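# Topology and contacts: notes
Now for the letters of each chain:
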Amino acid sequence: MSDAAMSTGYMTPQELKEQERAAKKAERARLKRVEMDEKAERKRAAKSGFANVSNPRRSKLLTLVCAIFAVYCLFPFVYLLVNATKTQADFTSTFGLGFGHTFALWDNIVTVFTYQDGIFGRWLLNTLLYVVVGAGGATLLAIMGGYALAKFRFPGRKAVFAVIIGAISVPGIALAVPQFLLFAKLSLTNTPWAMIIPSLISPFGLYLMWIFSEQAVPTELLEAARVDGASEFRTFFQVSLPLLAPGIVTTALFTIVATWNNYFLPLIMLKNSNWYPLTIGLNQWKDQASTAGGQAIQNLVITGSLITIIPLVIAFLCLQKYWQSGLSAGAVKE
């Protein structure tokens, strides 16, 4: 900077340009040093066999594996989406992953809800009933039971833990026949209660809320609420419940998906088509072509299946951040 500029406190245009060039040169030098440091770090990581978390290495093999899994997971959805646009004639005469001669998506949707006097709408309402009452009740019981087991000490607590672990290890399909015999004795088969009552029990949801409550709700916070005179119910609903939100969403998603996709239990419990859920109803439509005089309606089955998965997709997309945080809870010790 010249003496005149220093005395006046201003820089000439030429000095400003020189200063700007010097700043750009220093920035290029800094970026070059960063690039060299990254290369050196990758070489050290390659030699030692460990990757730096803040500077991960690209792996073509892992990218390929992830791409294969992505295609595997998305293929059924793409198949449903493409074939839901076809008429029955195009469905049987065109390539499975290619569009038909007529774009009939809207016509198929309308036909799905009007076929057989609109029985699909009844199946959809039945499924929503089983999910809201059954899965909702299972989530509520899991929350209350898991919280009580985590924050209260009582005789037999270890025995309850052993029973829960044992119940998780028993597949649900193994209990279907005993449940059917029990409900037949109680004259509850072929009624909505045959679907709702078994759905209220979720051993995995109870275990998940137990573990999550241990980590998410500090005991000191509960003691402070009790010192302030709050009752146990008020402490649970106003203090603990907001802290359990990620675990609640995670448990709700598991129970909703399990109830929504339940197939074997309604298959043996329900005989009246008016109480069918979507899984049994769509399977009945699929088997219709194999019956005497039955009409093939694969296009309606595909369109109905696409409509069936849309609520689950929306639920996962809206709640995935809570679902992910709920799954990671308790993974590390603080």
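In this text the structure is predicted, and so the values were computed from the model without any measurement.

## Here's the deal with the overall build of the chain
The secondary structure content of the chain amounts to 16 helices and zero strands. Split into buried and exposed, the 334 residues of the chain put 31% on the buried side. A separation of at least 24 residues holds for 67% of the contacts in the chain among residues at least 6 apart in sequence. By element, 67% of the accessible surface of the chain is carried by carbon and sulfur atoms, the whole surface being about 21,200 Å².

## Points about the nonpolar core
Val112, Phe120, Trp123, Met269, Leu270, Trp285 and Leu300 are the most contacted members of the largest nonpolar core, which totals 28 residues. Of all the secondary structure elements, the ones that give two or more residues to this core are helix H6 (119-151), helix H8 (176-185), helix H9 (193-199), helix H14 (264-269), helix H15 (278-286) and helix H16 (298-328). Here the element with the most residues in this core is H6; it accounts for six residues. Beyond its immediate chain neighbours, meaning those up to four positions away, Met269 contacts Gln179, Phe180, Phe183, Thr189, Asn190 and Ala194. Counting residues in hydrophobic clusters, the runner-up holds 10 residues, among them Phe212, Val217, Phe236 and Ile248.

## Observations regarding unusual backbone geometry
Of note, Gln116 is a non-glycine position whose phi angle comes to about 50 degrees, a positive value. Taking the relative accessible area as the measure of exposure, Gln116 reaches 38% and is therefore partly exposed. Phi at Asp117 is positive, roughly 60 degrees, even though this residue is not glycine. If you trace the backbone, Asp117 turns up in the loop between helix H5 (105-114) and H6. Exposure remark for Asp117: the relative accessible area of 82% places this residue in the exposed category.

## Structural notes on the environment of Phe120
Residue placement: Phe120 occurs in helix H6. Separated by 162 residues in the primary sequence, Phe120 and Leu282 have C-alpha atoms spaced 8.4 Å apart. Ignoring sequence-local partners within four residues, the contact set of Phe120 consists of Val112, Phe113, Leu278, Leu282, Trp285, Gly304, Ile307 and Thr308.

## Some thoughts on helix H3 (residues 60-83)
With 24 residues, H3 ought to run about 34 Å at 1.5 Å a step, and its terminal C-alpha atoms sit 33 Å apart, in line with that. At Leu74, H3 shows its maximal kink, close to 35 degrees; a proline, Pro76, follows between one and four residues later. Three or more residues of H3 are buried, namely Leu80, Val82 and Asn83.

## Description of the packing of helix H11 (residues 219-227) against helix H12 (residues 232-243)
In a packed pair of helices, the relevant descriptors are the angle between the two axes and the axis-to-axis distance. The interhelical angle for the contact between H11 and H12, taken along N-to-C directions, is 145 degrees, at an axis separation of 10 Å. Crossing of H11 over H12 shows right-handed handedness. Here H11 contributes Leu221, Leu222, Ala225 and Arg226 to the contact with H12, which in turn contributes Glu232, Thr235, Val239, Ser240 and Leu243. Class assignment for the residues of the contact of H11 with H12 results in five nonpolar, two polar and two charged.

## Points about the side chain of Ser213
Among the secondary structure elements, Ser213 is positioned in helix H10 (residues 203-216). Take Ser213: its relative accessible area is 0%, and that puts it in the buried class. When residues no more than four places from it in sequence are discounted, the contact partners of Ser213 are Gly146, Tyr147, Ala150, Lys151 and Leu244.

## Some details on the packing of aromatic side chains
The full count for this structure, using the stated rule, is 10 aromatic pairs. For the pair Phe204 and Phe254, a centre-to-centre distance of 5.5 Å together with 85 degrees between the ring planes defines the contact as edge-to-face. Of this pair, Phe204 sits in helix H10 while Phe254 sits in helix H13 (residues 245-260), and the two are 50 residues apart along the sequence. Judged by its relative accessible area of 39%, Phe204 is partly exposed. Among the aromatic side chains, those forming a connected cluster through ring pairs are Phe113, Tyr115, Phe120, Trp123 and Trp285.

Reading the values: the criteria
Residues numbered from 1 in each chain as written. Predicted model: local features only at pLDDT ≥ 70, side-chain atom pairs only at ≥ 80, totals over all residues. Heavy atoms only, no water. Helix = DSSP H or I, 4+ residues; strand = E, 2+ residues; numbered from the N terminus. Buried < 20%, exposed > 50% of the residue type's maximum accessible area, 1.4 Å probe, protein only. Contact = heavy atoms within 4.5 Å. Areas by Shrake-Rupley, 256 points an atom, 1.4 Å probe, with all protein chains shown as cover. Core = buried A, V, L, I, M, F, W, Y, C linked by side-chain atoms within 4.5 Å. Expected span 1.5 Å × (residues − 1). Bend = angle between axes of the 7 residues up to and from the residue. Axes fitted to C-alpha atoms, helices over the stretch in contact; angles between N-to-C directions. Left-handed = near helix turned anticlockwise from the far one by under 90°. Nonpolar A, V, L, I, M, F, W, Y, C, P; charged D, E, K, R; others polar. Phe/Tyr/Trp six-rings, centres within 6.5 Å; stacked < 30°, edge-to-face > 60°.

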